[in-house]
Amino acid sequence: DAGVTQSPTHLIKTRGQQVTLRCSPKSGHDTVSWYQQALGQGPQFIFQYYEEEERQRGNFPDRFSGHQFPNYSSELNVNALLLGDSALYLCASRLDRLYGYTFGSGTRLTVV
Amino acid sequence: AQSVAQPEDQVNVAEGNPLTVKCTYSVSGNPYLFWYVQYPNRGLQFLLKYITGDNLVKGSYGFEAEFNKSQTSFHLKKPSALVSDSALYFCAVMGNFGNEKLTFGTGTRLTIIP
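For the structure given in this document, a descriptive report is provided here. (Residues numbered from 1 in each chain as written. Chains lettered and ligands numbered in written order. Predicted model: local features only at pLDDT ≥ 70, side-chain atom pairs only at ≥ 80, totals over all residues. Heavy atoms only, no water.)

## Topic: the pattern of salt bridges
Residue and element names in this part refer to chain A. The tally for this structure, following the rule as stated, stands at 8 salt bridges over all chains. In this structure, Glu75 and Arg22 form a salt bridge, with 3.4 Å as the shortest nitrogen-oxygen distance. On the criterion of sequence distance, the pair formed by Glu75 in strand β8 (residues 74–78) and Arg22 in strand β3 (residues 19–24) is long-range, its members being 53 residues apart. Among the residues examined, Arg22 registers a relative accessible area of 42% and is labelled partly exposed. In this structure, Asp85 and Arg63 form a salt bridge, with 2.9 Å as the shortest nitrogen-oxygen distance. Highlighted residues: Asp85 in the loop between β8 and β9 (87–94) and Arg63 in the loop between β6 (53–57) and β7 (64–68), separated in sequence by 22 residues. (Salt bridge = Lys/Arg side-chain N within 4 Å of Asp/Glu carboxyl O. Helix = DSSP H or I, 4+ residues; strand = E, 2+ residues; numbered from the N terminus. Buried < 20%, exposed > 50% of the residue type's maximum accessible area, 1.4 Å probe, protein only.)

Shown next as C-alpha cells:
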C-alpha cells in the first residue's frame with residue numbers, strides 16, 4: 001500500500017516564476033494538508049483540503065493556493081516566487097483526525 | 001493560539017542509555033499530541049499519538065511518551081537508545097474538533113553516541 005506520494009522530489013525555480021507541486025494521498029484518505037518546512041525549522045501549516053474545498057488556512061499569503069481533485073489528490077500552487085519560498089513542502093493525508101496524518105517525503109523547492 | 005516548545009535543540013545520549021526528548025504545549029481544550037521523526041532529506045514519520053486514555057502512550061520502534069496535563073508536557077522516551085535512533089524529532093499539537101492544523105515545535109536533534 002503506497003503511502004503519500006509527492007512530485008517532483010526536487011525543483012529549482014527563478015524568482016517571480018510560478019510552481020505547482022503535486023500530492024497523491026494514502027489509499028483511502030480523503031483529507032489533504034500542506035506544510036512548508038524551512039531549513040532548520042518545524043513544518044508550518046499552509047492549508048487543508050477536504051471534499052475539494054479549502055477548509056482551513058494558515059498564515060500564508062494569497063500567492064499560495066491549492067486544489068483538490070475528485071480522486072482526493074491535491075496540488076499546491078505558488079505564484080510570484082520569492083527567495084524565502086525555498087523550503088521543503090510536505091503533503092499529509094488522513095482519513096480520520098483521530099488517527100493523525102501520514103506525511104509524504106516532500107518536494108524540495110529552491111528559488112534562485 | 002496553540003503552540004509547542006521543544007526546549008532542547010540537541011540531545012546527546014550514549015547507546016544503551018535511556019533517552020528523553022522534552023515537549024510542552026499550549027492549546028485550548030483537550031489536546032491531540034503527536035511525535036514525528038525526520039531522517040535527512042525525508043518527510044516526517046509518525047511515532048505515536050495521545051488522544052485520550054492512558055497517560056503513557058506506546059509507539060513505534062520502542063518509543064513511548066508520557067502525557068502530563070498539569071505540566072502540559074508530552075515527553076518522548078525510550079529505555080535503551082540505539083544508534084539508529086539518531087534523527088530529528090518533532091512534537092506537534094492539534095486542537096479541538098474543527099481545527100485540523102498541526103502546530104509543530106522547532107525540533108530536537110537526537111544523537112546517539114556509540
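## Concerning the interface of chain A and chain B
Across the boundary between the two partners, chain A contributes 21 residues, which contact 23 residues of chain B. Roughly 1800 Å² of surface becomes buried between chain A and chain B when both sides are summed, with 51% attributable to carbon and sulfur atoms. Between the two partners, chain A and chain B, sit 1 salt bridge. Linking Glu100(B) and Arg94(A) is a salt bridge whose minimum nitrogen-to-oxygen distance equals 2.7 Å. Contributing elements (two or more residues each) for the side of chain A that touches chain B: β4 (31–37), β5 (44–50) and β9 of chain A. Within the side of chain A that touches chain B, the residues separate by chemical class into 9 nonpolar, 9 polar and 3 charged. (Contact = heavy atoms within 4.5 Å. Buried area = accessible area lost by both parts, 1.4 Å probe. Nonpolar A, V, L, I, M, F, W, Y, C, P; charged D, E, K, R; others polar.)

## Here we look at the nonpolar core
Counting 27 residues, the largest nonpolar core has Leu19(B), Trp35(B), Leu47(B), Leu48(B), Phe74(B), Leu76(B) and Tyr89(B) as the members making the most contacts within it. Mapped onto this core, the elements with two or more residues apiece are β2 (10–14), β3 (19–21), β5 (32–38), β6 (44–50), β8 (64–68), β9 (73–78), β10 (87–94) and β12 (108–113) of chain B. Counting residues per element, this core draws most heavily on β10(B), which supplies 4 residues. Those residues in contact with Leu47(B), other than ones at most four positions away along the chain, are Trp35(B), Tyr36(B), Val37(B), Gly59(B), Ser60(B), Tyr61(B), Phe63(B), Leu76(B) and Tyr89(B). Leu21(A), Cys23(A), Trp34(A) and Cys91(A) belong to the second-largest nonpolar core, a separate cluster that totals 20 residues. (Core = buried A, V, L, I, M, F, W, Y, C linked by side-chain atoms within 4.5 Å.)

## Some remarks on the side chain of Asp85(A)
Residue and element names in this part refer to chain A. Judged by its relative accessible area of 4%, Asp85 is buried. A distance of 2.8 Å separates a polar atom in the side chain of Asp85 from the backbone nitrogen of Leu82. Not counting the four nearest positions on each side in its chain, Asp85 is found in contact with Gln36, Arg63, Phe64, Val78, Ala80, Leu109 and Val111. (Polar contact = N/O pair within 3.5 Å; in protein donor to acceptor, adjacent residues only side chain to side chain.)

## Things to note about unusual backbone geometry
Residue and element names in this part refer to chain A. Omega for the peptide link from Ser7 to Pro8 comes to -10 degrees, which places this bond in the cis form. The backbone of Tyr72 shows a phi angle near 80 degrees, a positive value even though the residue is not glycine. Along the chain, Tyr72 turns up in the loop between β7 and β8. The exposure class of Tyr72 is partly exposed, given its relative accessible area of 39%.

As far as function goes, none of this settles anything; it's purely spatial.
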